[in-house]
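# Structural overview
Residues per chain, in single letters:
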Amino acid sequence: MTGIATSVLIGAPALAVLAMLAAPRPRLAERLNLAAAGLCFIAAVAMTVSAPAAGARYLGRYLIVDPLGAWIILCAAVVYLLASIHACGYMRMPGEEARLPRFYQLFALFALTIFIAPLMNNPGLYWIAIEMTTVVSTFLVAFEQAAEAIEAGWKYIIIVSAGITLALLGTVIFYWAGTFSLGPTYDMTWRVLRHAAPHMDRALLVLGFLLVLVGYGTKVGLAPMHTWLPDAHSEGPAPVSAMLSGALLNAAMAGIVRYLAVLHRAGLFMLPDQILAVFGTASLLVAALFIVRQRGVKRLMAYSSVEHMGIVALGFGFGGPFGVAGAMYHMLNHSLNKSLMFFGAGNAMRSFGTRSMTRIRDYARHFPVAAALWLAGAVAITGAPPFGLFASELTILRAGFRGAGLWAAIVMLVLLILIFIGFLDHFRVMYFEPAGDDAPRPARLGAWTVAPMWLALIPLLVLGLWWPRAMWRDFQTVEQVIERPAAAPAPAARALARMPDARRAS
């Protein structure tokens, strides 16, 4: 089952791109992308259900399907499907039909690179996959070709590429650390790193982790490496912003989590966990300060992404069953919720013809259904019950109060209250402040732009009221891989190096 699902996840977007290149017609490109998104969603669900705890390896062990990777792919597939539906209405601009095939080619290719990254069993190949997401998404960020969009695209690729370079250096240091026990050459896979971790030099492991945390943390949008994120998320089309926030950030977080498991296997718990908690807390603080004073509607959503990636980092930093489960649950809830919020922001921008929240007025009277959905999403994104983010944030706080992350949990709770007040105050202004004489006249919204908001909100409400037992089992499996220390007695380093699979195992 996992092999078929993997083939569909890679093949459907790739075939869609090839078909669009062969027949670049707007409506055909739209339908091909939508079909690919639907197939990827079905495959992602099947992969999540059937992913073995130990991981299944394919293509000579270059690909691995494990519960962590399958879960991140599921989050990405959900956003890809919702964003593809929204794009059918959002991207149909008068005079822009000729550019639609190029948009959908890049969009499907972007989804493909996101799906590939969590499947990479080799840390070096994972780095290449993450860099490919940067290259493809840069063209999507600058797709509207306005001066601000092009500037955001350049800022995005320069800052993220600089961070990814540090991640590459950290990857090299991890490989170097492994050579002392595995010999000068070996197949560097996640499993080999975990098995060899007890015999690696701890100073090298910490140095390598700091570099990959800063490098992939730049891609995740953790503060203070987040500076590309508000511009890129606010300048790209709304479906692209949803993919950047709800799918790409999770794929980059996967690398941090896998390297964290290597350090834990070496017996290093307190230091990397506290470092991750510091970055998570800093992200929450930066997000809170900028959310309160924000004026751009999509920049508001972008800083919310910084906030929620900080919460995910705190969950993994707190660790334990509740920390890991809360972080992974938060990934899915955030993917759904942030898709809803960017769809609502894009609809408001297109209907009122402005990015400024100060010029969006009386929104509920003009669009009662879309306004109700967007407001419900705003309540949910601030962590209020009964939505999914409330459940995941409460679980993460529970992990923090139970362990050494008490200080971070207290700071997180205070900042969440501040963000709740500041975020919803912006919606109070847009919904209930009277429109002035110079307020723009809103245009009508289509069904394609409202339907995915329903499709995001309903499961978000269900996940807040009901936590499926099967999800908890998957979260426990991932927690055991991340948190489990080295087995005792550990095999001798030289014996491990002489094993036939030491150089080829995954």
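Structure shown above.
The notes below deal with the structure included here.

### Description of the overall build of the chain
The secondary structure content of the chain amounts to 20 helices and two strands. Its C-alpha atoms give the chain a radius of gyration of 22 Å, within 12% of the compact-globule value 23 Å for 506 residues. Taken over the C-alpha atoms alone, the chain extends approximately 80 × 55 × 40 Å along its principal axes. Burial statistics for the chain: of 506 residues in total, 61% are counted as buried.

### Let's talk about the environment of Trp454
In this fold, Trp454 is placed in helix α18 (residues 447-465). With a relative accessible area of 42%, Trp454 lands in the partly exposed category. With 169 residues separating them in the primary sequence, Trp454 and Leu285 have C-alpha atoms 31 Å apart. Leaving out residues up to four positions away in the same chain, Trp454 has contacts with Val369, Leu373 and Pro459.

### Some points on the packing of helix α12 (residues 297-318) against helix α13 (residues 320-352)
At a minimum axis distance of 8 Å, the contact between α12 and α13 shows a crossing angle of 175°. Relative to α13, the element α12 is oriented roughly antiparallel. When grouped by side-chain class, the residues that make up the contact of α12 with α13 number 16 nonpolar, eight polar and two charged.

### Re the side chain of Glu30
Summarising the element assignment, Glu30 is placed in helix α2 (residues 26-50). Side chain to side chain, Glu30 and Arg92 meet in a polar contact 2.5 Å long. Filtering out sequence-adjacent residues up to four positions away, Glu30 remains in contact with Cys88, Arg92 and Tyr104.

### Structural notes on the state of the cysteines
Tallied over the entire structure, the rule returns zero disulfides. Not engaged in a disulfide, the cysteine Cys75 finds its nearest cysteine sulfur in Cys40; these two sulfurs lie 15 Å apart. On the basis of relative accessibility, which here comes to 0%, the residue Cys75 falls in the buried class. The thiol sulfur of Cys88 is not disulfide-bonded, and the nearest other cysteine sulfur, from Cys40, lies at 15 Å. For Cys88, a relative accessible area of 2% puts it in the buried group.

About the thresholds
Residues numbered from 1 in each chain as written. Predicted model: local features only at pLDDT ≥ 70, side-chain atom pairs only at ≥ 80, totals over all residues. Heavy atoms only, no water. Helix = DSSP H or I, 4+ residues; strand = E, 2+ residues; numbered from the N terminus. Rg over C-alpha atoms; globule rule 2.2 N^0.38 Å. Buried < 20%, exposed > 50% of the residue type's maximum accessible area, 1.4 Å probe, protein only. Contact = heavy atoms within 4.5 Å. Axes fitted to C-alpha atoms, helices over the stretch in contact; angles between N-to-C directions. Parallel < 35°, antiparallel > 145°, perpendicular 65-115°, else oblique. Nonpolar A, V, L, I, M, F, W, Y, C, P; charged D, E, K, R; others polar. Polar contact = N/O pair within 3.5 Å; in protein donor to acceptor, adjacent residues only side chain to side chain. Disulfide = S-S within 2.5 Å.

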